[in-house]
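In case you want the letters, here they are:
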Amino acid sequence: MMTPLVIFFAQYRDEDSNAPGRDPALSVVSLLPLIYVAFAAGVALTKHRYVTLTSARIRHASHLMSTAEPDRTAGTLAICLFFASIGCASLALQPPPAILVSMNWHLGSHAAAPILWSALMSVCVASFGANAHAAVDATY
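Residues numbered from 1 in each chain as written. Predicted model: local features only at pLDDT ≥ 70, side-chain atom pairs only at ≥ 80, totals over all residues. Heavy atoms only, no water.

**Section: the overall build of the protein chain**
Here is step 1: For the protein chain, the count of helices and strands is six helices and two strands.
Here is step 2: Residues counted as buried form 31% of the 140 residues belonging to the protein chain.
Here is step 3: Considering only contacts in the protein chain between residues 6 or more positions apart, those separated by 24 or more positions represent 73%. (Helix = DSSP H or I, 4+ residues; strand = E, 2+ residues; numbered from the N terminus. Buried < 20%, exposed > 50% of the residue type's maximum accessible area, 1.4 Å probe, protein only. Contact = heavy atoms within 4.5 Å.)

Now the structure itself:
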């Protein structure tokens, strides 16, 4: 939802050539990856019914796998999902792969590859992060 707003704002800002103190190197669109990752982290840390339901399912599966140490299974899963989320966050802040850049898609006057790449990776951050949150809740 925020991508069209940021692109619209960026085009409006680009058209206003008389704006004082305007730094062309720092574009609003270049901040989108950081915005995406911040929102994804917020989604991952939010507790809602899906996290509670996933936590109950992880807790049940952990008890089925190891009745002696069910928290160990959920804890291991939480650590793995946390590292996957951190990895996706670092990928979201990196330049997109060459194959995505070679498609040469544009959103307005801005290249779409960095926007699409960071948006996709931020969805991964939110997904892995929410499941890690559920796995941590399952250990309690």
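**A look at the packing of helix α3 (residues 49-65) against helix α4 (residues 70-92)**
Angle between the axes and distance between the axes: these two values describe a pair of packed helices.
Here is step 1: Packing of α3 against α4 leaves a shortest axis separation of 7 Å and a crossing angle of 125°. The angle between α3 and α4 falls in the class oblique. For the crossing formed where α3 meets α4, the hand is right-handed. When α3 is examined against α4, the residues I58, S62, H63 and M65 are found in contact with a partner set consisting of P70, T73, A74 and L77.
Here is step 2: Looking at the contact of α3 with α4 residue by residue, the class counts come to five nonpolar, three polar and no charged. (Axes fitted to C-alpha atoms, helices over the stretch in contact; angles between N-to-C directions. Parallel < 35°, antiparallel > 145°, perpendicular 65-115°, else oblique. Left-handed = near helix turned anticlockwise from the far one by under 90°. Nonpolar A, V, L, I, M, F, W, Y, C, P; charged D, E, K, R; others polar.)

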